[in-house]
Amino acid sequence: MGTLYLVATPIGNLEDMSPRAVRTLREARLIAAEDTRVTKKLLTHFDLHTPLTSYFEHNKLSKLDAILSALAQGDVALVSDAGTPAINDPGYELVRAALDAGHAVCPVPGPSAPLAALAASGLPTDAFLYQGYLPRKSSERRALLERLVTLPCTLVFLESPHRLVDALEDLKAVLGDRPVAVARELTKLHEQIWRGTLEAAREYFIQNEPRGEFTLVVEGKVKKEKPKWSEDKLMIAIRFGLKLGEPPSRLAARIAVESGWDRREVYRRISEK
């Protein structure tokens, strides 16, 4: 039984190709590639001569049986044109089919544009949501963003140059003018990471024609902390609530939410009245 290797390949700089990735591609029985022409250039650079077969969006289902047959005879490596297979590229169906057939699936980690942009964005990385390419139509983009507007996690999107300005406009309209990092051509000669607000980004890229592929990293919904009430304001609210006949437990819960004070501390103050 062969192993299906998911081999990450450079997103621009060939020096990011790991020795393990080179060895895996050399030793595999077959390489399934998103675009055999692109992968052929990579193999030529590293002097690799492993047989290639195509595996892309429009033939990924029809190719499953052939690739599973190859896996029955030895290891197969899956690559996309750039970055990590199955992350916004074909791969999920093959991984699922390989697992269902009893094969091992092994990642060979490496470059990934979304993770590279996130790490360098200067925005929180402890929790994030990767959404891939934004929808082409403005109405569909806005509908998607409406579902994400309240999420506190950092949001990561891909976008093409000719839709970038419109996408930034929709992002601001739905999410508000949040901080954003706009990364383009990561690891390539003209790499750029622009940081600022969504409105400022839109203005910048209106004046500077977008070129290359873009990754957008947008700050999540920030919960605005209410300033904690002073003790005097707290006691005024307690006296007023008691005067209106509000039950102590309900009064304590309400004031705690409004004041920033701990509910138990508020209840203690109420009990002392």
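Above: the structure in question.
As the structure is a prediction and not an experimental result, all values here were calculated from the model.

Now for the environment of Ser62. Residue placement: Ser62 occurs in the loop between β3 (52–54) and α3 (64–73). Residue class for Ser62 comes out exposed when judged on its relative accessible area of 61%. Taking the C-alpha atoms as reference, Ser62 lies 71 Å from Ile270; in sequence the two are 208 residues apart. A polar contact of 3.0 Å, which involves the side chain of Ser62, links it to the backbone oxygen of Asn59.

Moving on: the sheet that holds strand β6 (residues 128–133). Judged by pairing direction, the sheet is mixed, and its five strands sit side by side in the order β6-β7-β10-β8-β9 without closing on themselves. On the outer flanks of this sheet lie β6 and β9 (192–197), each paired with one strand and no other. Each adjacent strand pair in this sheet contributes to an overall mean axis angle of 15 degrees, direction not counted. Sheet topology note: the strand β8 (residues 179–184)/strand β10 (residues 214–218) ladder contains five bridges and is antiparallel. From the neighbouring strand, Ala181 faces β10, where its bridge partner is Val217. Against the sheet, helix α8 (residues 198–207) contacts β8, β9 and β10, and its axis sits at roughly 130 degrees relative to β9.

In this section: the layout of surface pockets. Rolled over the atoms, a probe sized like a water molecule indicates the empty space that remains. As a volume, the largest pocket reaches approximately 530 Å³. Forming the boundary of the largest pocket are 23 residues, of which Ala82, Ala113, Tyr133, Leu158 and Glu213 lie nearest the centre. Put simply, the parts of the chain that give the lining of the largest pocket at least two residues each are α5 (113–120), β6, β8 and β10. Looking at the lining of the largest pocket, its residues break down into 11 nonpolar, five polar and seven charged. Approximately 220 Å³ is the volume attributed to the second largest pocket. As for the second largest pocket, its lining consists of Thr9, Pro10, Ile11, Gly12, Leu14, Val38, Thr39, Leu42, Ser80, Asp81, Ala82 and Lys188. Residues that form the lining of the second largest pocket fall into these classes: six nonpolar, four polar and two charged.

Another aspect to go through is the nonpolar core. In terms of nonpolar packing, the biggest core is built from 24 residues, with Leu145, Phe157, Leu171, Leu175, Val182 and Phe205 touching the most fellow members. Breaking this core down by element, the ones donating at least two residues are α6 (138–148), β7 (154–159), α7 (164–175), β8, α8 and β10. The biggest single contributor to this core is α7, with seven residues. Among all residues touching Phe205, those that are not within four sequence positions of it are Leu164, Val165, Leu168, Val182, Gln192, Trp194, Pro210 and Phe214.

Where α3 is concerned, the buried positions are Leu64, Ile67, Leu68, Ala70 and Leu71. All buried residues of α3 fall inside an arc of 155 degrees around its axis, so they share one side. Residues of α3 that are exposed and point more than 90 degrees away from the buried face comprise Asp65 and Gln73. The elements touched by buried residues of α3 are β1 (3–7), β2 (30–33), β4 (76–79) and α4 (92–100).

What follows is about unusual backbone geometry. Of note in this structure, Asn88 is not a glycine but carries a positive phi near 65 degrees. Of note, Asn88 is situated in the loop between β4 and α4.

All told, the structure shown has three aromatic pairs when counted by the stated rule. Seen in terms of ring centroids, Phe205 and Phe214 are 5.6 Å apart; in terms of plane orientation they differ by 85 degrees. Their pairing is edge-to-face. The two residues Phe205 and Phe214 agree in class, both being buried. An aromatic cluster is defined as three or more aromatic residues linked by ring pairs; in this entry it consists of Trp194, Tyr204, Phe205 and Phe214.

Counting buried residues along β8, five of its six residues qualify, which places the element largely inside the surrounding structure. Bridge analysis of β8 against β9 gives six bridges, and the strand direction is antiparallel. In the strand pairing of β9, Arg184 is matched with Gln192.

We now examine the sheet that holds β2. Reading across the sheet, the five strands line up as β3-β2-β4-β1-β5 and stay open at both edges, with parallel pairing between neighbours. Pairing within the sheet leaves two strands with one partner each, and these edge strands are β3 and β5 (104–108). With strand direction ignored, the average angle separating the axes of adjacent strands in the sheet is 25 degrees. In terms of strand pairing, β2 meets β4 through four bridges, oriented parallel. Its bridge partner lying in β4, Ala32 is registered against Leu78. Most of the contacts of helix α1 (residues 19–27) go to β5, to which it runs at about 140 degrees, and overall it touches β1, β2, β4 and β5.

Rules of the game
- Residues numbered from 1 in each chain as written.
- Predicted model: local features only at pLDDT ≥ 70, side-chain atom pairs only at ≥ 80, totals over all residues.
- Heavy atoms only, no water.
- Helix = DSSP H or I, 4+ residues; strand = E, 2+ residues; numbered from the N terminus.
- Buried < 20%, exposed > 50% of the residue type's maximum accessible area, 1.4 Å probe, protein only.
- Polar contact = N/O pair within 3.5 Å; in protein donor to acceptor, adjacent residues only side chain to side chain.
- Pairing = 2+ DSSP bridges.
- Axes fitted to C-alpha atoms, helices over the stretch in contact; angles between N-to-C directions.
- Contact = heavy atoms within 4.5 Å.
- 1 Å grid on protein atoms, 1.4 Å probe; cavity = no way out; pocket = protein on both sides within 12 Å on 5 of 7 lines; lining within 4 Å.
- Points joined across faces, edges and corners; volume = space filled by probe spheres on them.
- Nonpolar A, V, L, I, M, F, W, Y, C, P; charged D, E, K, R; others polar.
- Core = buried A, V, L, I, M, F, W, Y, C linked by side-chain atoms within 4.5 Å.
- Arc of directions from axis to C-beta.
- Phe/Tyr/Trp six-rings, centres within 6.5 Å; stacked < 30°, edge-to-face > 60°.

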